[in-house]
Amino acid sequence: MAANQSVENAVSENLLRWIRPEIKQLAAYHVADASGLIKLDAMENPYSLPPDLQQALQQRLASAALNRYPDPAATKLTDRLKQTMQVPDGQAVMLGNGSDELIQMLAMAVAQKGACLMSFEPGFVMYRMIAEFTGIDYVGLPLTDDFQLDMAATRKAIDKHQPAIIFIAYPNNPSANLFEHNAIKEILAIAPGLVVVDEAYHPFAQTSFMSSLPGHENLLVMRTVSKLGLAGLRLGLLCGRPAIINEIDKVRLPYNINVLTQTAAVFMLENMAVLEQQAALIREQRSVVFEDMKKFKGLAVFPSQANFILFRVLEKSADAVFESIKNDGVLIKNMRADTGPLKNCLRVTIGTPEENRAFLAALEKALL
Ligand SMILES: *Cc1c(COP(=O)(O)O)cnc(C)c1O
């Protein structure tokens, strides 16, 4: 959103003093303009729905009661999700307007004075941002050079900071790898507070802590339908013991999942096979792209269990390679790091075979 700088719309510093200083210091979340470009920057599923399914969906949506408030508990959708996502019996599920909103509700629910929200870096930026929005102390623990959990440092930090909540992305974004299963088990055992395993990329990793829910009272498993192919719906789910979910649910605004999202999501879950096929195609293409990228000299390509690949440009500037690829019509993500673990790194989302070929050709040219 461009700030309007014209004189008549100017606002005095005196008025802006009412905005919390830590908010004023923040940079707004930047979404790149992708118009006219092949969009491989945001972990979206590249496939649209087959025409017959589009039509059936249209009919279902046309009958949705837009004049009524949505079902506040989204019962039908929640039941479907429990089934599809294999939530163990006895566990509760709450829904968010994207898992981003669930992260926000979790942070709001635990953000008392002195409380700490912990996560790992490089990691999903929303954990840190939402910690800042809600005023909870944030501790980001560095991962090892190969993007694994540094357990010696993690044990110490948990002991020192006594985090109210720990977020673990599984697989991690932006590194695309899975952390060691046993390391997460240890965190579950030593954490004094809640541990959220964020499984946004589950369709591509196909491994999960969902079935571990009954064994750990402090475990919460978060999923989203975004990376599965429904990013536009904005729907995430949080699973865990009813006694915890019921508390988090108190900060949820009553109608956070709108009528169109509830209707469309139920429809899509009835037709889950289509999305599962698309995820299988993406997993297949992931290895095609990975193997091809490994052949390029001057790149370090990191293994992926997600629908994107992180890679480091070794001999050129990542900025130049990013711009060159963009000039050839493909938008990927520039991690914009001059130092640290993401130094000179770029991230590409797996697209259709045709999109991936365009990316690989543009990459090859950029590295010449
Ligand atoms: C993309 C992503 C999310 C956000 O998902 P939404 O449901 O679209 O808000 C959550 N966690 C991780 C790790 C992600 O990469």
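Right above here is the structure, for reference.
Here is a short report on the structure shown in this document. Throughout, a residue's number is its position along its own chain's written sequence, starting from 1. Owing to the predicted nature of the model, reporting of local features is limited to residues with pLDDT of at least 70; listing and counting of side-chain atom pairs is limited to 80 or more, with chain, interface and lining totals taken over all residues. For side-chain calculations, the full set of non-hydrogen atoms in the structure is used, while hydrogens and water are omitted.

1. With respect to the sheet that holds strand S8 (residues 236–240)
Part 1 of the argument: The pairing criterion is simple: DSSP has to find at least two bridges between the two strands. Helix numbering and strand numbering both begin at the N terminus, where a helix is a DSSP run of H or I of at least 4 residues and a strand a DSSP run of E of at least 2. Ordered in space as S2-S8-S7-S6-S5-S3-S4, the seven strands form an open sheet in which the pairing is mixed. Of all the strands in the sheet, the pair left with one neighbour each is strand S2 (92–96) and strand S4 (137–142). This sheet shows a mean twist of 25° between the axes of neighbouring strands, independent of strand direction.
Part 2 of the argument: In the sheet, strand S7 (residues 219–224) pairs with S8 via four bridges, with the strands oriented antiparallel. Each bridged residue has a counterpart across the sheet, and for Met 222 the counterpart in S8 is Leu 238. To get an axis, a line is fitted to the C-alpha atoms, and for a helix only the part in contact is used. The angle between two axes follows their N-to-C directions and goes from 0 to 180 degrees.

2. Section: the sheet that holds strand S10 (residues 308–313)
Part 1 of the argument: Taken in spatial order, the four strands line up as S9-S10-S13-S12 in an open sheet, and their pairing is antiparallel. Two strands in the sheet have a free side with no partner beyond their single neighbour: strand S9 (299–301) and strand S12 (333–334).
Part 2 of the argument: Pairing geometry for S12 and strand S13 (residues 345–349), over two bridges, is antiparallel. Bridge pairing in S13 links Lys 333 to Arg 347.
Part 3 of the argument: We call two residues in contact when some of their heavy atoms are within 4.5 Å. Across the sheet, helix H14 (residues 318–327) lies against S10, S12 and S13, angled at about 30° from S13, the strand it touches most.
Part 4 of the argument: Sheet strands touched by helix H15 (residues 353–367): S9, S10 and S13. Its angle to S10, the strand with the most contacts, is close to 5°.

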